[in-house]
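Structural description and commentary
Each chain is listed here by its residues.
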Amino acid sequence: DSEGFHTKATATIGIMRLNREREALTNNHIRDALYNAFSRKKLTKFILKDGSEPAFYFVPKNFAKGPEGKDFRVKYPTINKMSDKEMMAAWKKGLEEIGKDSLTFELMIRNNSTTEKVGTFVASQLEKNLPGLTININKQPSGQFLKLEKGQQYDISLSYWIPDYKDPMTYLGMWVTGNSANRSGYSNSKYDALIQKAKHLGQKPKKRWEIMQKAEKVLLEDVGFIPVYQYGKIYVQKPYVKHITQRMLSDIDWTRAKVLKH
């Protein structure tokens, strides 16, 4: 309750990769159901409580503005969000198509307290909302986690992505076929073509922006992975300290900081 307590969304996005070498995860309806079967709002509001926000997107809010000065998220604030009824219909149809009445997946997570809280919550929600689904949690040290993920030795992995530069392509470029950061075997020729086209539209920024927005929509409607939440952070700043800028990529800009008399 302190007036110096603040939270802020960052540019990091929590995601779940889906290993395309697992037969059930190649089914569009199964992926749609998994994508929609847990409450991102409850996760961020009651579990994390640190300024994190639910994400039905990959390029975060307030990260990059286009040539017309609008945030990337304005056109598609959420993508592939289904009602509970639609989610259940997708799950039932998916099970029918693969000839099963139950499924078991292993959710691989890093061995740290925050990831364990998120993984436990998501697993319980998936099991509760998708009849016949069992989720077993597999905790791994960070180094081993990355090794297993890169080798696609997992079913579903709870991971995250931190941008390298302030442009949507730092998120979208990783999902093209064969990219080393893909780590899931995801491949979509339509998506690949859109990303390739966007990379050659440097002289047409408005068109490039529109193509990237379309590509993200294709990626998430195809459930190339499952976005979970946009990370938040907690910080304390006394009310008499002014003009400190909390940035999304670099932590803090102190250059105009001022401490007033108190």
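Further up the page is the structure itself.
Reference entry: report on the structure contained in this document. (Residues numbered from 1 in each chain as written. Predicted model: local features only at pLDDT ≥ 70, side-chain atom pairs only at ≥ 80, totals over all residues. Heavy atoms only, no water.)

Here the focus is the packing of aromatic side chains. Under the definition given, this model contains nine aromatic pairs. Between Phe72 and Trp209, the ring centres sit 5.3 Å apart and the planes meet at 80°, which makes this aromatic pair edge-to-face. You can see Phe72 sitting in the loop between β2 (53-54) and α3 (84-98) and its partner Trp209 sitting in helix α8 (residues 205-221), a full 137 residues away along the chain. Trp209 sits in the buried class, given a relative accessible area of 11%. The structure contains a cluster of three or more aromatic residues connected by ring pairs, namely Phe58, Phe63, Tyr171, Trp175 and Phe225. The ring of Tyr35 has Arg40 lying over it, and the distance from NZ or CZ to the ring centre is 5.2 Å. A cation over an aromatic ring shows up here: Lys166 above the ring of Phe63, its NZ or CZ 5.1 Å from the ring centre. (Phe/Tyr/Trp six-rings, centres within 6.5 Å; stacked < 30°, edge-to-face > 60°. Helix = DSSP H or I, 4+ residues; strand = E, 2+ residues; numbered from the N terminus. Buried < 20%, exposed > 50% of the residue type's maximum accessible area, 1.4 Å probe, protein only. Lys NZ or Arg CZ within 6 Å of the ring centre and 35° of its normal.)

Further remarks concern the pairing of strand β6 (residues 226-236). Summarising burial for β6: eight of the eleven residues are buried, a large majority. Here strand β1 (residues 5-18) pairs with β6 via nine bridges, running antiparallel. In the sheet register, Phe5 faces β6, and the bridge partner there is Val236. In the sheet, β2 pairs with β6 via two bridges, with the strands oriented antiparallel. Across the sheet, Glu53 pairs through a bridge with Gln230, a residue of β6. (Pairing = 2+ DSSP bridges.)

Here we come to a positive patch on the surface. A contiguous patch of positive charge on the surface is contributed by Lys75, Lys190, Lys197, Lys204, Lys207 and Lys214. If you list the elements that add at least two residues to the positive patch, you get α7 (189-199) and α8. When you line up the elements, Lys75 lands in the loop between β2 and α3. (Patch = residues over 30% accessible without salt bridge, like charges linked within 9 Å, V, L, I, M, F, W, Y side chains within 5 Å. Areas by Shrake-Rupley, 256 points an atom, 1.4 Å probe, with all protein chains shown as cover. Salt bridge = Lys/Arg side-chain N within 4 Å of Asp/Glu carboxyl O. Lys, Arg positive; Asp, Glu negative; His and termini not counted. Charge placed at Lys NZ, Arg CZ, Asp CG, Glu CD.)

As a further point, take the pairing of strand β4 (residues 133-140). As judged from the eight bridges shared by strand β3 (residues 103-110) and β4, these two strands associate in the parallel manner. Of the residues in β4, the one forming a bridge with Ile109 is Lys139. In the classification by handedness, the crossover that spans β3, the intervening helix α4 (residues 113-129) and the parallel β4 is right-handed. (Right-handed = clockwise from strand over helix to strand, strands pointing away.)

This paragraph deals with the pattern of salt bridges. Following the criterion strictly, the structure yields eleven salt bridges and no others. Of the charged contacts, one joins Arg31 and Asp222 as a salt bridge, the two residues approaching to 3.2 Å between their closest N and O atoms. Highlighted residues: Arg31 in helix α1 (residues 28-36) and Asp222 in the loop between α8 and β6, separated in sequence by 191 residues. In terms of burial, Arg31 and Asp222 fall into one category: buried. Measuring nitrogen to oxygen at the nearest pair gives 2.8 Å for the salt bridge that ties Arg183 to Glu149. In this pair, Arg183 is assigned in the loop between α6 (169-172) and α7 and Glu149 in helix α5 (residues 142-150), connecting sequence segments 34 residues apart.

As a further point, take the environment of Lys70. Mapped onto the elements of the fold, Lys70 is located in the loop between β2 and α3. In this structure the C-alpha to C-alpha distance between Lys70 and Ala123, which are 53 residues apart in sequence, comes to 36 Å. Look past the residues within four positions of Lys70 in its chain and what remains in contact with it is Ala64, Lys65 and Trp209. (Contact = heavy atoms within 4.5 Å.)

Time to look at the sheet that holds strand β5 (residues 156-161). Spatial ordering of the open sheet is given by β2-β6-β1-β5-β3-β4, a layout of six strands whose pairing is mixed. Each end of this open sheet is capped by a strand with a single partner; those strands are β2 and β4. Each of β1, β3, β4, β5 and β6 touches α1; the most contacted strand, β6, lies at about 20° to it. Along the sheet, α4 contacts β1, β3, β4, β5 and β6; its crossing angle with β4, the most-contacted strand, is approximately 170°. (Axes fitted to C-alpha atoms, helices over the stretch in contact; angles between N-to-C directions.)

Its 17 residues place the ends of α4 24 Å apart at the C-alpha level, agreeing with the 24 Å of an ideal helix rising 1.5 Å per residue. Within α4, the full set of buried residues consists of Thr115, Val118, Gly119, Phe121, Val122, Ala123, Gln125 and Leu126. The backbone nitrogen of Thr114 has a side-chain oxygen 3.3 Å away, supplied by the residue at the start of α4, namely Asn112. (Expected span 1.5 Å × (residues − 1). Polar contact = N/O pair within 3.5 Å; in protein donor to acceptor, adjacent residues only side chain to side chain.)

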